[in-house]
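# Descriptive analysis of the structure
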Amino acid sequence: MRKTLIHFGLGLGFVVGFLLCNIALAQAVYNFNNSPNNWTNSPNNWDNSPNNFNNSPNNFNNSPNNFSATNGVYDNRGNRIGYEVQAPSGVINYFDNSGNRIGYKPTGK
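Here goes a summary of the coordinates provided. (Residues numbered from 1 in each chain as written. Predicted model: local features only at pLDDT ≥ 70, side-chain atom pairs only at ≥ 80, totals over all residues. Heavy atoms only, no water.)

When you go through the protein chain residue by residue, the secondary structure sums to 1 helix and 4 strands. Taking all 109 residues of the protein chain together, the buried fraction comes to 27%. When contacts within the protein chain are restricted to residue pairs at least 6 apart in sequence, long-range pairs at least 24 apart make up 26% of them. Here the protein chain displays about 7,900 Å² of accessible surface, and carbon together with sulfur accounts for 59% of that area. (Helix = DSSP H or I, 4+ residues; strand = E, 2+ residues; numbered from the N terminus. Buried < 20%, exposed > 50% of the residue type's maximum accessible area, 1.4 Å probe, protein only. Contact = heavy atoms within 4.5 Å. Areas by Shrake-Rupley, 256 points an atom, 1.4 Å probe, with all protein chains shown as cover.)

Given below as C-alpha cells:
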C-alpha cells in the first residue's frame, strides 16, 4: 500500500510539473510576440526607426504643424503629445513630437 501511494505521489508530481512547465512555455511564447526583443517590434528594425522618413517628424504627415494630420496622439487635455505610424509589418509605433519612439502596439498575430 505504501509503495502504491509513493508511486501515485511521484506520478502526480510529474503531471503537475509537466503542466506547469507547459503553461510557462506558453506564456514565454505569448510574451515574445509582444516583446521589443522580437525583431518585428524592435526599434532597430528600419520600419520602426525614427530615422526612417516615414516615421520622422520632418515628414509633413507627422508634423505638429499639419493641422489636417489624422495620426496625432493627444493627452486628456487635448494637447498633441506625438503621433503614430503603422509599419508595413502591422506594428503601430508611437513617437513624441520630436521623433523619439515612445512606444508601440504589436501586431495581432
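The geometry of an aromatic ring pair comes down to the distance between the two centres and the angle between the two planes. What the rule picks out here adds up to 1 aromatic pair. Look at Tyr83 and Phe95: their rings are 5.4 Å apart centre to centre, the planes differ by 20 degrees, and that puts the pair in the stacked class. Of the two residues, Tyr83 is situated in strand β2 (residues 80–86) and Phe95 in strand β3 (residues 92–96); the sequence distance between them amounts to 12 residues. (Phe/Tyr/Trp six-rings, centres within 6.5 Å; stacked < 30°, edge-to-face > 60°.)

As judged from the 3 bridges shared by strand β1 (residues 72–74) and β2, these two strands associate in the antiparallel manner. Residue pairing in the sheet places Gly72 in a bridge with Tyr83 of β2. Inspection of the sheet shows β2 paired to β3 by 5 bridges, in the antiparallel sense. The partner of Glu84 across the bridge, within β3, is Tyr94. Between β2 and β3, which pair antiparallel and follow one another directly, the connecting turn spans 5 residues, one of which, Gly90, has a positive phi of 105 degrees. (Pairing = 2+ DSSP bridges.)

In this fold, Val73 is placed in strand β1. Overall, the relative accessible area of 23% leaves Val73 in the partly exposed class. With near-sequence residues (within four places) excluded, Val73 lies in contact with Asn79, Arg80, Ile81, Gly82, Tyr83, Glu84 and Tyr94.

Further remarks concern the sheet that holds strand β4 (residues 101–105). Two orientations exist for strands paired in a sheet by backbone hydrogen bonds: parallel and antiparallel. With antiparallel pairing, 4 strands are arranged side by side in an open sheet as β1-β2-β3-β4. In the strand order of this sheet, the two ends are held by β1 and β4, each with one partner. Along the sheet, successive strands turn relative to each other by an average axial angle of 30 degrees, direction set aside. (Axes fitted to C-alpha atoms, helices over the stretch in contact; angles between N-to-C directions.)

Most of β3 sits out of view: 4 of its 5 residues are buried. The pairing of β3 with β4 spans 4 bridges and is antiparallel. Looking at β4, one finds that Asn93 is bridged to Tyr104. What sits between β3 and β4 in their antiparallel hairpin is a turn of 4 residues, with Gly99 showing a positive phi close to 95 degrees.

Glancing now at the environment of Ser42. Looking at where Ser42 falls in the secondary structure, it is placed in the loop between α1 (2–34) and β1. When residues no more than four places from it in sequence are discounted, the contact partners of Ser42 are Pro36, Asn48 and Arg101.

On their own, these measurements won't tell you what the molecule is for.
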